[in-house]
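Structure assessment
Here's the letter readout for the chains.
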Amino acid sequence: MKKQLLNPPPWRWLLVAIALMVTFQVHSQGIIVKGKVSSSDGESIPGANVAVQNTSLGTVTGVDGTYTIQLPDENQTLVFSFIGFVSQTVPVSGRSVINIQLETDIQALAEVVIIGYGSVKKTDLTGSVGQVNVGEMIKAPVGTFTEALAG
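Residues numbered from 1 in each chain as written. Predicted model: local features only at pLDDT ≥ 70, side-chain atom pairs only at ≥ 80, totals over all residues. Heavy atoms only, no water.

This part covers the nonpolar core. In terms of nonpolar packing, the biggest core is built from 17 residues, with Val33, Val37, Tyr67, Leu78, Phe80 and Ile98 touching the most fellow members. Of all the elements in the fold, those that place two or more residues in this core are strand 1 (31–39), strand 2 (49–52), strand 4 (66–71), strand 5 (77–81) and strand 7 (100–102). Considering every element that reaches this core, the biggest residue donor is strand 4, with three residues. Among all residues touching Phe80, those that are not within four sequence positions of it are Val37, Asn49, Val50, Tyr67, Ser87, Gln88, Val90, Ile98, Ile100 and Leu102. (Core = buried A, V, L, I, M, F, W, Y, C linked by side-chain atoms within 4.5 Å. Buried < 20%, exposed > 50% of the residue type's maximum accessible area, 1.4 Å probe, protein only. Helix = DSSP H or I, 4+ residues; strand = E, 2+ residues; numbered from the N terminus. Contact = heavy atoms within 4.5 Å.)

Following this line, the structure appears as structure tokens:
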């Protein structure tokens, strides 16, 4: 009888190990927060940044403005940002769904120049930049869009 207490069968240790792994796995998952990022007029914002404040965790919204992010715990704060909109900081406070409407930042829009392959601040822009008036392009007697830009 003493031998069984001191030396249990190996399968018992295996059960204990599996139970501990499942417990640690469930504990380490944290919580999952989902939601949608949209503009003040209700349009979804694809490509908006959703970051966990003071960490390197983050994600980007999909084409429909939705996101899913896994947090280590429910006491985190999310930061929502996108070019041309005012960033918002929202505490999670145990919620699993957080929908956000970002307000347009008029001042920031005046300082950003969108170019053919990205965007830069107006102060960082080097080289020549041309403006195209769509109304004048429509009136131009040309066959293609590139011909209108050439003139």
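After presenting the structure, the write-up continues.
Ordered in space as 4-1-7, the three strands form an open sheet in which the pairing is mixed. Whereas interior strands pair on both sides, the edge strands pair on one side only; in this sheet they are strand 4 and strand 7. Each adjacent strand pair in this sheet contributes to an overall mean axis angle of 35°, direction not counted. Here strand 1 pairs with strand 4 via six bridges, running antiparallel. Bridge pairing in strand 4 links Ile32 to Gln70. (Pairing = 2+ DSSP bridges. Axes fitted to C-alpha atoms, helices over the stretch in contact; angles between N-to-C directions.)

Both trends apply: most residues other than glycine have a negative phi, and most peptide bonds are in trans. In the Ramachandran plot, Asn54 falls in the positive-phi region, its phi being about 65° despite a non-glycine side chain. For Asn54, the position within the fold is in the loop between strand 2 and strand 3 (58–60). Take Asn54: its relative accessible area is 76%, and that puts it in the exposed class.

As defined by bridge partners, strand 2 adjoins strand 5 across four bridges and the pair is classed as antiparallel. Each residue of the ladder has a partner; that of Asn49, found in strand 5, is Ser81. Direction of pairing for strand 5 relative to strand 6 (residues 88–91): antiparallel, over a ladder of four bridges. Counted as the bridge partner of Thr77 is Pro91 from strand 6. Counting the residues between successive antiparallel strands, the hairpin from strand 5 to strand 6 contains six residues, one of them, Gly84, with a positive phi of roughly 90°.

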